[in-house]
Amino acid sequence: MRIAFGILALIGALALQTTISGLTLGGARSVNLVVVAVVYAALTFGPVAGLFLGTAGGLVQDALAGGIVGVGSLAKTLVGFLAGVLGAQFIVAQTFPRFVMFVGATALHEVCYEGLYALVEARPFRLHYQPLLIQAGVNGLVGLLAFFLVERMPGLLQRRRARRGRY
Amino acid sequence: MLDNLQRTGARPRTGLLFLAVIVGHVILISSQVQSGSGMPVLEAVTFGAFARLQGVTAGTVRGVRDSWSAYVDLRGVRAENEALRSQVDDLEIRLQEQRTLAQRTERLQALLDLKAFVNAPTLAAEIIAGYPKRGLLTVTIDKGSSDGVTENMAVIAPTGVVGRIIGPVASHAARVQLLIDTSAAAGAVTERTREGGMVVGQDGDPPLRMELVSNLADVQPGDLVVTSGAEGIYPRGFVIGSVESSERGTHLYRSITVRPSANFRGLEEVLVVLIPPRAATPENTSAAAGGGPR
């Protein structure tokens, strides 16, 4: 059930990410829904889930985006695994720690991604801080929204149904 | 890192899984990234790692192949060597045959020349046997009475007088007493001074001596000795040999040794002079002393 949910989340994230990228070419870098899905799965289901979903999501994204297949995948695998480990180590059930996790994971993913490309293309390492900060913030917000929807939505719906039934 | 993972609650299997996935990624990326030489990193690393192994394997295979090739070649060389050796032996035999044939041709040519020179009917004969017994030096020729050969006919060779036919004569073979036999003799005369005498065989070296030559006669070493025909067997003027030594004798006659011109050790073909012997007469003797054709 957990695996299926994780896979569904990943597929949804990939679909949304490609859709957003297609609609807003310039704003595609403002959010990385795949990273959000991976970090969410890692915090929810543990490091192994983060590991596999990071690998799978990254491979699909790399394959769809072109370029070297495996760079984004490796970055997401690292992020997913570390997020899972940290999620098991620390209490990240509150909003702020979760936001920090998403922001940190996004930053780590970007550093790994750019670092690996700099390594394999033998070029200097360059990090664009402004887009990174924007993406990290957006990812954090999207991640918090995802947690809110998943955790709160069933209760809200239940209460709404109960309220309707009372009237 | 694994210890850290264990402290954080992750099971060791998770850490191994993480490592495996990371390694898988590295391999995946390396397979697409080109190295400085233009070769993908994965290929470069694989190539570098396996190059030595391949080198060892190739060297071993090459060594085995070379050894096998050398062995096969050696076997081939050995067989070829044997075949070539056999061929060389065969060719040497053929060469010997050809050389013998050439020598025989030369001898027969010389014999033909001699036959043309002799003013008498002659018959070429081949020596088929020899009996080098001390005191009786004879050979057998392949011509006999059916070919017209009779006893006491002269036998000559291109290089000089050989001997005479002695009986009995078979129909297809005859015995020849060599001139160097101790009981053989021939009337002789020196070519330079026409001093007459008799050449007889002796048991020594040289195997001929000239007798009945006066101490007063002028005979010197190197003088050619030819047949005089006085005994009625040998035609006149055929070379017997040359004087090797000529010394004054203790009695009336000189002591003269003659080296035969015919090579008695290498005789193969001879000519039989088909003239029946005639009795020795004073006329013949004087005529012989007077010289004859040569």
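The preceding data block contains the structure.
All figures in this text were calculated on a predicted structure; none of them were measured in a lab.

Can you walk me through unusual backbone geometry in this structure?
Across residues other than glycine, the phi torsion is negative in most instances, and most of the peptide bonds are trans. Residue and element names in this part refer to chain B. Here the amide bond leading from Gly167 into Pro168 is cis, since omega sits at -5°, within 30 degrees of zero. Take Pro168: it is sitting in the loop between strand S4 (160-166) and strand S5 (174-178). Residues Asp205 and Pro206 are joined by a peptide bond in cis, for which omega reads 0°. Structurally, the position occupied by Pro206 is in the loop between strand S7 (196-201) and strand S8 (208-211). If you check the backbone angles, Asn152 has positive phi at about 70° while not being a glycine. Assignment of secondary structure puts Asn152 in the loop between strand S2 (136-141) and strand S3 (154-157). A positive phi angle, near 65°, is found at Leu212, a position not held by glycine. With respect to the helices and strands, Leu212 occurs in the loop between S8 and strand S9 (224-227).

Hey, could you run me through helix H4 (residues 71-89) of chain A in this one?
One turn of an α-helix holds 3.6 residues; hence residues three or four places apart share an orientation. Taking 1.5 Å per residue, 19 residues should reach 27 Å; H4(A) reaches 27 Å between its end C-alpha atoms and fits that length. Most of H4(A) sits out of view: 14 of its 19 residues are buried.

Any chance you could explain the side chain of A:Thr55 here in plain terms?
All names here are of chain A. Among the secondary structure elements, Thr55 is positioned in helix H3 (residues 47-65). A relative accessible area of 14% means that Thr55 is categorised as buried. Polar side-chain contacts of Thr55 include one of 2.8 Å to the backbone oxygen of Leu51.

Mind showing me how you'd approach the sheet that holds S8(B) here?
Two strands in a sheet stick together by hydrogen bonds in their backbones, pointing the same way (parallel) or opposite ways (antiparallel). All names here are of chain B. Taken together, 6 strands build a closed barrel; the order of strands is S6-S7-S8-S11-S10-S9 and the barrel is antiparallel. Looking at each pair of strands side by side, their axes are set apart by 40° on average, direction ignored. Two elements, strand S6 (residues 185-190) and S9, share 3 bridges in a ladder whose sense is antiparallel. Bridge pairing links Thr190 to Val225 in S9.

Can you help me understand a positive patch on the surface in this one?
The grouping of A:Arg152, A:Arg159, A:Arg160 and A:Arg163 at the surface amounts to a positive patch. The residue A:Arg152 is located in helix H6 (residues 129-166) in this model.

Even after reading the chapter, I still don't get the packing of H3(A) against H4(A), so can you show me in this structure?
A pair of packed helices can be characterised by two numbers: the angle between their axes and the separation between those axes. Residues and elements named next belong to chain A. Running from N to C, H3 and H4 cross one another at 160°; their axes reach a closest spacing of 7 Å. When the interaxial angle is binned, H3 and H4 end up roughly antiparallel. Like other packed secondary-structure pairs, H3 and H4 cross with a definite hand, here right-handed. Contacts from Pro47, Gly50, Leu51, Gly54, Thr55, Gly57, Gly58, Leu59, Gln61 and Asp62 of H3 reach H4 at Val71, Gly72, Ser73, Lys76, Thr77, Gly80, Phe81, Gly84 and Val85. Of the residues contributing to the contact of H3 with H4, the split by class is 6 nonpolar, 11 polar and 2 charged.

Honestly, the pairing of S6(B) in this entry has me stumped. Any pointers?
Remember that side chains alternate between the two faces of the sheet whenever the strand is regular. Residues and elements named next belong to chain B. Buried residues dominate S6, accounting for 5 of its 6 residues. Pairing geometry for S6 and S7, over 5 bridges, is antiparallel. The residue of S7 that forms the bridge with Ala185 is Val200. Taking the residues between adjacent antiparallel strands as the criterion, S6 and S7 are bridged by 5 residues, where Arg194 takes a positive phi near 55°.

Criteria and thresholds
- Residues numbered from 1 in each chain as written.
- Chains lettered and ligands numbered in written order.
- Predicted model: local features only at pLDDT ≥ 70, side-chain atom pairs only at ≥ 80, totals over all residues.
- Heavy atoms only, no water.
- Helix = DSSP H or I, 4+ residues; strand = E, 2+ residues; numbered from the N terminus.
- Expected span 1.5 Å × (residues − 1).
- Buried < 20%, exposed > 50% of the residue type's maximum accessible area, 1.4 Å probe, protein only.
- Polar contact = N/O pair within 3.5 Å; in protein donor to acceptor, adjacent residues only side chain to side chain.
- Pairing = 2+ DSSP bridges.
- Axes fitted to C-alpha atoms, helices over the stretch in contact; angles between N-to-C directions.
- Patch = residues over 30% accessible without salt bridge, like charges linked within 9 Å, V, L, I, M, F, W, Y side chains within 5 Å.
- Areas by Shrake-Rupley, 256 points an atom, 1.4 Å probe, with all protein chains shown as cover.
- Salt bridge = Lys/Arg side-chain N within 4 Å of Asp/Glu carboxyl O.
- Lys, Arg positive; Asp, Glu negative; His and termini not counted.
- Charge placed at Lys NZ, Arg CZ, Asp CG, Glu CD.
- Parallel < 35°, antiparallel > 145°, perpendicular 65-115°, else oblique.
- Left-handed = near helix turned anticlockwise from the far one by under 90°.
- Contact = heavy atoms within 4.5 Å.
- Nonpolar A, V, L, I, M, F, W, Y, C, P; charged D, E, K, R; others polar.

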